[in-house]
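Read off the chains here:
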Amino acid sequence: MSVRKREWTTPKGVAKSAWVVDYSDTKGKRRLKTFKLKKQADEFAATASVEVRQGVHVADRASITVAEAGKLWIATGESEGLEQSTINQRERHLKYHIRPFIGGTLLSKLSVPAIRAFQDQLRQTPYPDDFPKVSMRGKPRTGKMIAIVTTSLGSILSDSQERGFATSNPVIEMGRKRKGKTRRQEKRNKRKLVVGIDIPTPAEVKAFVAALSGRWRPLLLTAVVSGLRSSELRGLRWQDVDLNARTISVRQRADEFRKIGRPKSEAGERTIPITPGVVNSLKEWKLAYSRPIIGKDKDGKPVREDARPGHLIFANGNGQGESHANIINRGLIPAMIAAGITVDSGKRDDEGRVIHKAKYTGLHALRHFYASWLINRPQDGGFGLPLKLVQERMGHSSITMTADTYGHLFPRTDDADELAAAEAALLGERL
């Protein structure tokens with residue numbers, strides 16, 4: 001590998017000079033790379049020399065663009081059997097956030113400063129007019145969205161490294177440098193879940209359960225007292241429920257496209273105890289189970305199949321997995337409004353009266369309640385379970401996730417009254 005100065009004169013008689021790095025790549029092919037300054041050429045030569053020796057160097061002409069690497073990234077996901085929702089998310093990140101800004105950039109040209117510039121572009125450019133979510137069009141991207149897209153770009157680069165199209169991953173390099181600072185900042189900025197705002201209160205849950213009726217009652221009641229995720233509820237089979245032992249075993253889930261698969265993590269496979277009230281509700285539901293139509297009788301009336309163990313408990317009328325949107329829009333939200341668990345929507349009707357909307361609009365609110373129910377002390381109407389058991393019941397992949405999300409809900413054991421009782425137990429009469 002050599003660094004030499006090249007001098008020439010343009011047709012107009014102007015003297016020019018540049019510095020050329022002359023070297024052979026990992027395949028023995030001769031490469032020439034030109035720089036304006038000797039310092040730049042020396043720096044490249046030093047880096048390339050190490051990369052060639054390690055067998056990881058990729059010349060610019062052997063590199064591919066970010067857009068091309070993105071296609072390969074999606075192909076990798078499909079070959080690995082990722083869920084369709086994940087593949088769709090990758091395609092959205094490419095189409096709306098990555099390709100319009102750096103799609104034509106060679107991977108070999110990406111660096112930490114280039115990634116920072118890319119993030120600045122995202123921050124300064126609103127969502128496009130053809131973005132699928134209409135409410136986001138024309139609005140600025142949030143810091144969280146930019147971080148998610150940057151993670152996807154890092155995943156693209158990692159995939160390209162494995163394919164031999166990229167030498168380094170500047171996203172990882174940037175993350176390594178900012179990891180400690182970012183974590184501290186995120187910890188400071190992250191708002192803790194608040195009972196009555198993010199987590200329904202026991203009184204609200206009591207009113208909500210009382211308002212449940214029809215086909216949504218067994219599903220939403222099960223959600224309240226089991227903490228199952230939406231996908232886990234939609235994938236639940238009769239064979240996964242032991243009505244005699246009063247337990248539910250999570251063994252599969254249904255994604256947003258009704259595709260059945262294993263839980264996302266090993267910890268997601270778990271067995272959860274359920275209450276007698278849920279057992280009774282499920283027994284009643286089983287008798288009235290909405291079974292798929294398998295034919296018609298002699299009078300032309302539909303004949304439905306018997307409820308078999310492998311059938312989904314909360315299937316729709318065709319025996320397929322219920323959609324998440326239906327559960328929210330036809331089950332959860334109407335029940336919240338019927339129970340009076342509402343907030344001011346900021347809108348008024350024709351007569352000037354306040355139009356209320358459901359206070360909690362996602363099943364995760366019920367999951368948050370379940371976690372708080374497990375954590376609360378028995379004297380406060382809860383179970384008082386330790387952190388490890390809460391993690392297992394929630395199906396979290398790590399105890400850290402449980403602690404970070406719900407750690408602040410655990411009751412303190414160092415308040416004044418409890419300290420006084422501890423002192424009396426230890427020392428007898430107070431001094």
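To keep things clear, this report deals only with the structure shown in the data block. (Residues numbered from 1 in each chain as written. Predicted model: local features only at pLDDT ≥ 70, side-chain atom pairs only at ≥ 80, totals over all residues. Heavy atoms only, no water.)

### Focus on the overall build of the chain
Applied cut-off: Helix and strand labels come from DSSP, where a helix needs a run of H or I of at least four residues and a strand needs a run of E of at least two; each type is numbered from the N terminus. Exposure is judged per residue with a 1.4 Å probe applied to protein chains only, and the accessible area is read against the type maximum: over 50% gives exposed, under 20% gives buried, and values in between give partly exposed. Any two residues whose heavy atoms approach within 4.5 Å at even a single point are treated as in contact. Using the Shrake-Rupley algorithm and a 1.4 Å probe, accessible areas are obtained, with residue cover drawn only from the displayed protein chains.
From N to C terminus, the chain includes 15 helices and 12 strands. The 431 residues of the chain split such that 38% are buried. Across the chain, contacts joining residues at least 24 apart in sequence account for 55% of those joining residues at least 6 apart. For the chain, the accessible surface area stands at approximately 25200 Å², while carbon and sulfur atoms represent 51% of it.

### Digging into the pairing of strand β3 (residues 30-35)
Convention followed: Note on pairing: DSSP must find at least two bridges between two strands before they are called paired.
Taking every second residue as pointing to the same face, the buried face of β3 carries R31, K33 and F35, while none of R30, L32 and T34 on the other face is buried. Sheet topology places strand β2 (residues 15-24) next to β3; 6 bridges connect them, and they run antiparallel. Bridge pairing in β3 links S24 to R30.

### So, the side chain of R253
The topology assignment puts R253 in strand β6 (residues 253-254). For R253, the contacting residues outside a window of four places in its chain are E83, S231, E232, G235, K259, I260, G261, R262, P263 and K264.

### What to know about the environment of H356
Relative to the elements of secondary structure, H356 occurs in strand β12 (residues 354-358). Sequence separation between H356 and V343 is 13 residues; the distance between their C-alpha atoms is 5.5 Å. If near-sequence neighbours (up to four positions away) are discounted, H356 is found in contact with T342, V343, D344 and S345.

### Section: the pattern of salt bridges
Convention followed: For salt bridges, the criterion is a side-chain nitrogen of Lys or Arg within 4 Å of an Asp or Glu carboxyl oxygen.
In this structure the tally under the stated criterion is 16 salt bridges. Each of the salt bridges in this network shares a partner with another, and the network as a whole consists of R229, E232 and R270.

### Focus on the nonpolar core
One broad trend across soluble globular proteins is that nonpolar side chains are buried collectively. As a reminder, the rule being used: Among the buried residues, those of types Ala, Val, Leu, Ile, Met, Phe, Trp, Tyr and Cys that are joined through side-chain atoms within 4.5 Å form a nonpolar core.
Residues F208, L220 and L366 are the most contacted members of the largest nonpolar core, which totals 51 residues. For this core, the secondary-structure elements that each account for two or more residues are α7 (202-211), α8 (216-226), β5 (247-250), α10 (276-287), α11 (324-338), α12 (363-375) and α13 (387-394). Excluding anything up to four places from it in sequence, L220 contacts F208, L212, I327, G331, L332, L363 and L366.

### Some words on the environment of D240
On the secondary structure map, D240 appears in the loop between α9 (230-234) and β4 (241-242). Overall, the relative accessible area of 6% leaves D240 in the buried class. Taking the C-alpha atoms as reference, D240 lies 6.8 Å from V250; in sequence the two are 10 residues apart. Apart from the residues within four sequence positions on either side, D240 is in contact with G235, T247, I248, S249 and R251.

### A few points about the layout of surface pockets
Using a probe with the size of a water molecule, rolled over the atoms, empty space left in the structure can be pinpointed. We count it as follows: Only protein atoms enter the 1 Å grid used here, on which a cavity is any set of points holding a 1.4 Å probe that cannot leave and a pocket is any open set flanked by protein within 12 Å on both sides along at least five of seven lines; residues with an atom within 4 Å of a point are listed as lining. Grid points are joined across faces, edges and corners, and a volume is the space filled by probe spheres set on the points. Each residue is assigned to one of three groups, with Ala, Val, Leu, Ile, Met, Phe, Trp, Tyr, Cys and Pro labelled nonpolar, Asp, Glu, Lys and Arg labelled charged, and all others, Gly among them, labelled polar.
Its boundaries defined by the atoms lining it, the largest pocket holds a volume of some 1200 Å³. If you trace the largest pocket, you find 37 residues lining it, with S85, Q89, R92, E256 and K264 closest to the centre. Listed by contribution, the elements that provide at least two residues to the lining of the largest pocket are α3 (84-102), α5 (143-163), α9, β6 and α12. When residues of the lining of the largest pocket are assigned to their parent elements, the largest contribution, 6 residues, is made by α3. The residue makeup of the lining of the largest pocket, split by class, is 10 nonpolar, 15 polar and 12 charged.

### As for the sheet that holds β4
The strand order β4-β5-β8 describes an open sheet built from 3 strands, whose pairing is antiparallel. Of all the strands in the sheet, the pair left with one neighbour each is β4 and β8 (270-273). By the bridge criterion, 4 bridges tie β5 to β8 in an arrangement that is antiparallel. Looking at β8, one finds that T247 is bridged to P273.

### Description of the side chain of T65
Note that T65 resides in the loop between α1 (38-54) and α2 (66-79). Looking at T65, the relative accessible area reads 17%, which means it is buried. With sequence-adjacent residues up to four places away left out, T65 is seen in contact with G103, G104, T105, L106 and L107.

### With respect to the packing of aromatic side chains
What counts, and what does not: Paired rings are identified among Phe, Tyr and Trp, the last through its six-membered ring, by centres lying within 6.5 Å, and are further divided according to the angle between planes into stacked (under 30 degrees), edge-to-face (over 60) and tilted (the rest). Two thresholds decide whether a charge sits over a ring: the Lys NZ or Arg CZ must be within 6 Å of the ring centre and within 35 degrees of the ring normal.
Overall, the coordinates contain 6 aromatic pairs when judged by the stated rule. Between F101 and F118, the aromatic rings sit 6.3 Å apart at their centres with planes inclined by 65°, giving edge-to-face as the arrangement. Residue F101 is located in helix α3, and its partner F118 is located in helix α4 (residues 112-124); the two are separated by 17 residues in the primary sequence. Ring geometry for F369 and W373: centres 6.1 Å apart, planes at 20°, overall stacked. Within this pair, F369 and its partner W373 are both found in helix α12, separated by 4 residues, close to a single helical turn. The exposure classification of F369 matches that of W373, with both residues buried. Cluster of aromatic residues (ring-pair linked, three or more members): F369, Y370, W373 and F383. Between R6 and the ring centre of W8, over which it is positioned, the NZ or CZ distance is 4.4 Å. Here R215 stacks its cationic end above the ring of W216, 4.4 Å away from the centre of that ring.

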